[in-house]
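Secondary and tertiary structure notes
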Amino acid sequence: MRLVVVGGGPAGYVAAIRASQLGIKVTLIEAEHLGGECTNYACIPSKALLHAAEVYRKAASAPWLAGSLSFRWGEAVRWKDGVVERLRRGIEFLLKSAGVEVVHGVAKPGPGKSVEVNGRRFEYDYLLLATGSEPVDLKELPRGGRVLGTREVFGLENAPASVAIIGGGAAGVEAASLFSMLGSEVHLVEVMDRLLPGLDADVSRQVERALAGRGVKVYTSSRVVGAGGADGALELRLSTPGGEKRVEVEIAVVAVGRRPRLGPFAALGLELDSRGAVKTDSSMRTSIPWVYAAGDVTGPPYYAHKAYAQAKAAVENMAGLKSAYEPRAVPAVIFSDPEVVSVGLTEEEAAKRGYRPKAARVPLSALGRAVATDSSEGFAKLVYDGESRVVLGVHMVGRGVSELAGEAAALVEFYATVDDLALVVHPHPTLSELFVELAEAALGRPTHVARL
Amino acid sequence: MRLVVVGGGPAGYVAAIRASQLGIKVTLIEAEHLGGECTNYACIPSKALLHAAEVYRKAASAPWLAGSLSFRWGEAVRWKDGVVERLRRGIEFLLKSAGVEVVHGVAKPGPGKSVEVNGRRFEYDYLLLATGSEPVDLKELPRGGRVLGTREVFGLENAPASVAIIGGGAAGVEAASLFSMLGSEVHLVEVMDRLLPGLDADVSRQVERALAGRGVKVYTSSRVVGAGGADGALELRLSTPGGEKRVEVEIAVVAVGRRPRLGPFAALGLELDSRGAVKTDSSMRTSIPWVYAAGDVTGPPYYAHKAYAQAKAAVENMAGLKSAYEPRAVPAVIFSDPEVVSVGLTEEEAAKRGYRPKAARVPLSALGRAVATDSSEGFAKLVYDGESRVVLGVHMVGRGVSELAGEAAALVEFYATVDDLALVVHPHPTLSELFVELAEAALGRPTHVARL
Amino acid sequence: KPQAAQPAPREVAAMPAARRLARELGIDLTKVRGTGPGGVITVEDVRRYAEELKGREAETPKPA
Ligand SMILES: Cc1cc2nc3c(=O)[nH]c(=O)nc-3n(C[C@H](O)[C@H](O)[C@H](O)COP(=O)(O)OP(=O)(O)OC[C@H]3O[C@@H](n4cnc5c(N)ncnc54)[C@H](O)[C@@H]3O)c2cc1C
Ligand SMILES: Cc1cc2nc3c(=O)[nH]c(=O)nc-3n(C[C@H](O)[C@H](O)[C@H](O)COP(=O)(O)OP(=O)(O)OC[C@H]3O[C@@H](n4cnc5c(N)ncnc54)[C@H](O)[C@@H]3O)c2cc1C
């Protein structure tokens, strides 16, 4: 059996490796860099630079450190480039070890069951489209010059003294965190009435409060209506609930969203949804039986871990296994300062699906670990069904919570009840003790939160 | 119903709060400080100072930071004192909100069912002993002068230029990490043939390698046979496999273990085990039916989270609930650099219990998160039963793994199989992706580890 | 000489709260059918089994 994978991002390279493990002969075609958007321009560069900035923030604010400290953006970018390089080579090595044939070039559909790359033709029994997504543009603020997309941010020569970020979703909030930790003047513009509109409303509020507390100017229910300015700067005109505002900044970053990218494979005529995403069943099969799709090209949510899971399901089905992509929980993690975790259902979503949702809430300040690491702002919320007491969702905001998302997903996937959770011994002093406190709070008997 | 709790550490204060919630009238007696050893002299001070040192280490080694930086020990200790104070007050507030009567003083048994404190007598229906533990001394190196116990370390006026730590268990390894991060010359002496003797042997080796790599001199199969020295320094004579060694240091820290402390309550004549720990059944009831015990006084393992869980089980039983303390997994976390997590069974333990253990292993360097946060040394190991594929244990060593112990405990408690675990979507890029890689490795198909 | 294989411990896979409820109700977990992931016994399974037991007891005429 021959498989051609188009795209070497998280969906494509994981599909290729798993397919090889299953005995399928795989050719992977990548136009740019192995690792795709994620490794080269998104997940990894952003997290590496956020890490660098966090090391700086913590050191600069520690009363137990003396001396002068300054952040060297250029060095940080170089270090980040090294991280990306190392991970990209890792993927190259994994593909090679798995015996995957990697071809560099832009693929397009060929006659019958084939694709063409630089004039070469590759026949297949199955095709996997893992072509990812591309940024959505703002017509009021076209990219170019001082107006950047998310990719360009991580390659800037200097950290901007001032920046306007358009879009208060995950990428926008992460960028706002990054630059505000470095001391830039940051303006963050979101068209909806709150940041991170898809998430729990209390989480949104807390993130907005934290960013505002660090000097970020947050404009919700606002949009860019015009741009201008001389060569020294960029002037944006914002329509806000408080009237039109003018903001002068060194650069603007457009992070208003992404859309599935089919490129030349649009010609296949696959069934798409209203947003232009490739439609698939839970085996990741498209409307053409020998064509599968995985990752961003199948539409939101846009996460690498969703891409991984879909990719595995897709090739396992080609190999005759009855895998399906139907997780109960796909975690959302935002590596902002503070970090955000959202797993499973919010109260509103749970109510819509016919549960009788209840919520328990615990502040981070209840935890020894949070206090002993200067991270006691924020909270966690557990959503559970009032009848069966099954955990439906976990929503958190606070420094260091990102590593708790995996456990939250496990709880939802395993249909754990709050009674079960309360009996799992969690180590002291860690943030993971939040789970015990949340469960006990749900049972009406928190031990580290006063019931007044 | 009246309960008297002796001891206001993790076991005592949690018991008092839970008992109050269950409608029991509670008097808690504490000789020193609420929060016990843990909050005042152990868990919290050590973690606060380790956090402070880690902020320093990261900043000092970051190529993207310029400037000079020095660690001010005195300021760090003051900050740590503030953390302890805040948490101690928190416990005070929780007890007050719960309506617990707190009495300060040393309790001793009174006539019949009563205890006496400063001449006052308190009658009870139930007594909970939560009197904790005390350090074991080394007769070759009695505490005093330049020879400290773990308590004294966290109150030192200055960071020592050189230190010998006797005992390579959790407390010793944490202290060695702390001082080596600050640049002290550190000698670490362990009588057994490896550090952290109770844990997975590969984990021990990795910790030893990491400490040695940072200049810590590790002496295993070694012991202190004598001490002397002029007033300027302390000279220790060590018996090592390579012959007798002399080590000159500013101070020595004795961290060779703890033993249950009954104090005046030894007079009750409770049944004890060979180590002097109070014997209880799984409801935490002692050999006297109206006397319960929880926490360190019941013997190893010595963890605050064990104390919490036992305390809850004890008072719930007094209230007529059929609780039991019988967790499948009590996580061990060591907040050293690198951190260590050990949950559930090692391969040897699993084999002894009649399982057919298999192990999967994944290096941290397989993870984008680890590389992007300069934390790619170390590994994780999953122990599972070869037949049922149920997860039996998780063992990890590496920076930042401490927050993964909760999920590991949940997997063991929930009888999760590696097949289940492989299907739980974990967010990218986080260290928690280790769980998916481990499960896939167990299934013979890791995607981020090459099979050569 | 061939060694007799060690039998794996006979363990009943049950969620923590199911273990606790079974203890409270005096129920033998080996009799309960698990419906959780991988056949793990959930608290719901224990409750259902307890109801069944009650039903059966009600049906069996009490000895006079
Ligand atoms: C700023 C930012 C931060 C993000 N952070 C995170 C995060 O922290 N965690 C997370 O989970 N997700 C994050 N994401 C989302 C994540 O990057 C995507 O979900 C992920 O990259 C999707 O993987 P993919 O394989 O579907 O597509 P992509 O990564 O986009 O890869 C597609 C690949 O296909 C190639 N390709 C496309 N067409 C062709 C063709 N015709 N011929 C040959 N090659 C082709 C492209 O060159 C590309 O390399 C972030 C996104 C952004 C923008
Ligand atoms: C250096 C070090 C680091 C540690 N780090 C960790 C860690 O990170 N995580 C973890 O889980 N565990 C850690 N531990 C272990 C942890 O401190 C103990 O397991 C925990 O404190 C046990 O709680 P307890 O309530 O049983 O006893 P204790 O905390 O010892 O409390 C007992 C209390 O009882 C009081 N008391 C005793 N007798 C009487 C009496 N007769 N009358 C009145 N009051 C009395 C004492 O004053 C004391 O306050 C650490 C230990 C050490 C030494």
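Residues numbered from 1 in each chain as written. Chains lettered and ligands numbered in written order. Predicted model: local features only at pLDDT ≥ 70, side-chain atom pairs only at ≥ 80, totals over all residues. Heavy atoms only, no water.

What counts here: UniProt positions are given in the numbering used here, feature names are shortened, and annotations may be inferred rather than shown by experiment.
If you look chain A up in an unreviewed UniProt entry, it shows as Dihydrolipoyl dehydrogenase from Pyrobaculum ferrireducens. UniProt annotates chain A under Catalytic activity (unreviewed entry) with the comment "N(6)-[(R)-dihydrolipoyl]-L-lysyl-[protein] + NAD(+) = N(6)-[(R)-lipoyl]-L-lysyl-[protein] + NADH + H(+)".

Structural notes on the domain arrangement of chain A
As a measure of interface size, the accessible area lost when the parts come together is often cited. Residue and element names in this part refer to chain A. Using the following cut-off: Delimitation of the domains relies on an automatic or database domain assignment. Whether two residues touch is decided by their heavy atoms; if any such pair falls within 4.5 Å, the residues are in contact. Note on definitions: buried area is the accessible-area loss of two parts on being combined, 1.4 Å probe, summed for both. Take a side-chain nitrogen of Lys or Arg and a carboxyl oxygen of Asp or Glu: if they are within 4 Å of each other, that pair is a salt bridge. Throughout this description, a polar contact denotes any pair of N or O atoms lying within 3.5 Å of each other; where both atoms belong to protein, one of them has to be capable of donating a hydrogen while the other can accept it, and for residues adjacent in sequence the pair is counted only when both atoms sit in side chains. Going along the chain from the N terminus, every DSSP run of H or I of four or more residues is numbered as a helix, and every run of E of two or more is numbered as a strand.
For chain A, the domain assignment lists domain 1 (2-135 + 258-318), domain 2 (147-254) and domain 3 (332-442). Between domain 1 and domain 2, the contact holds 18 residues from the first and 14 residues from the second. Both faces combined, the contact of domain 1 with domain 2 buries some 1400 Å², and carbon together with sulfur accounts for 66% of it. Between the two partners, domain 1 and domain 2, sit three salt bridges. For lysine 47, the salt bridge is made with glutamate 174, and the minimal N-O distance between the two is 2.8 Å. Taken together, the links from domain 1 to domain 2 amount to five residue pairs in polar contact (both at pLDDT 80 or more). Looking at the side of domain 1 that touches domain 2, the elements that each hand over two or more residues are α2 (36-41), α3 (43-61) and α4 (73-97). No other element matches the nine residues that α3 contributes to the side of domain 1 that touches domain 2.

Some thoughts on the relation of the copies chain A and chain B
Applicable threshold: Least squares is used to superpose the copies, and the fit set is the C-alpha atoms of residues whose pLDDT is at least 70 in both copies.
With an RMSD of 0.0 Å, the operation that places chain A on chain B is a rotation of 180 degrees combined with a shift of 0.0 Å along the axis. Taken together, the turn and the small shift mark the pair as related by a two-fold rotation axis. Rotation axis and chain A: the residue whose C-alpha lies nearest the axis is A:Glu407, separated from it by 2.4 Å.

Side note on the UniProt feature "domain: Pyridine nucleotide-disulphide oxidoreductase dimerisation" (unreviewed entry) in chain A
The sites that carry the UniProt feature "domain: Pyridine nucleotide-disulphide oxidoreductase dimerisation" (unreviewed entry) are, in the present numbering, residues 330-438 of chain A. End C-alpha to end C-alpha, residues 330-438 of chain A measures 20 Å, and it is 28% helix and 28% strand.

Here's the deal with the interface of chain A and chain B
Our working rule: Amino acids are sorted into nonpolar (Ala, Val, Leu, Ile, Met, Phe, Trp, Tyr, Cys and Pro), charged (Asp, Glu, Lys and Arg) and polar (every other residue, Gly among them). When DSSP finds two or more bridges between a pair of strands, those strands are recorded as paired.
The interface of chain A with chain B comprises 91 residues on the first partner and 92 residues on the second. Of all residues in chain A, A:Trp64, A:Glu403 and A:Val425 bury the most surface against chain B, accounting for 12% of the area lost on that side. Summed over the shared surface of chain A and chain B, the result is six salt bridges. Here B:Glu440 and A:Lys312 are joined by a salt bridge, their closest N and O atoms 2.5 Å apart. Ranked by residues supplied to the side of chain A that touches chain B, first place goes to α3(A) with 10 residues. Grouping the amino acids of the side of chain A that touches chain B by side-chain chemistry returns 53 nonpolar, 19 polar and 19 charged. Summarising the sheet, strand β3 (residues 65-66) of chain A and strand β4 (residues 70-71) of chain B pair through two bridges and their orientation is antiparallel. Of the residues in β4(B), the one forming a bridge with A:Ala66 is B:Ser70.

Things to note about the pairing of strand β13 (residues 185-189) of chain A
Residues and elements named next belong to chain A. The cut-off we apply is this: Per-residue accessibility, obtained with a 1.4 Å probe over protein chains only, is compared with the maximum for each type, and a residue is labelled buried under 20%, exposed over 50%, and partly exposed between these values. With strands facing away from the observer, any crossover in which the path from the first strand over the helix to the second runs clockwise is taken as right-handed.
With four of five residues buried, β13 is to be regarded as a mostly interior element. Where strand β12 (residues 162-166) meets β13, five bridges bridge the pair, whose relative direction is parallel. What sits directly across from isoleucine 165, in β13, is leucine 188. For the crossover that starts at β12, traverses helix α6 (residues 170-181) and ends in the parallel β13, the hand is right-handed. Strand direction decides the pairing type here: β13 and strand β14 (residues 217-219), joined by three bridges, are parallel. Bridge pairing in β14 places histidine 187 opposite lysine 217. Crossover β13 to β14 through helix α7 (residues 201-213) is right-handed.

Quick notes on the interface of chain C and chain A
Contact with chain C, which involves seven residues of that partner, is made by seven residues of chain A. Broken down residue by residue, the surface that chain C buries against chain A is led by C:Met15, C:Pro16 and C:Pro37, which jointly contribute 52%. On inspection of chain C and its partner chain A, the count reaches zero salt bridges. Summed over the shared surface of chain C and chain A, the number is one residue pair in polar contact (both at pLDDT 80 or more). Counting residues per element, the side of chain C that touches chain A draws most heavily on helix α1 (residues 16-25) of chain C, which supplies four residues.

A short note on the packing of aromatic side chains
All names here are of chain A. Quick reminder of the rule: When the centres of two rings from Phe, Tyr and Trp lie within 6.5 Å, Trp using its six-membered ring, the rings pair. Their planes under 30 degrees apart give stacked, over 60 give edge-to-face, and anything left gives tilted. When the NZ atom of lysine or the CZ atom of arginine is within 6 Å of a ring's centre and also within 35 degrees of its normal, the charge is said to sit over that ring.
Inspection of every chain in the model, using the stated rule, returns 11 aromatic pairs over all chains. An angle of 75 degrees between the planes, with centres 6.3 Å apart, marks the rings of tyrosine 13 and tyrosine 308 as edge-to-face. One end of the pair, tyrosine 13, is in helix α1 (residues 10-21); the other, tyrosine 308, is in helix α8 (residues 304-318), with 295 residues separating them in the sequence. In terms of burial, tyrosine 13 and tyrosine 308 fall into one category: buried. Positioned above the aromatic ring of tyrosine 415 is the side chain of arginine 328, whose terminal nitrogen or guanidinium carbon lies 3.8 Å from the ring centre.

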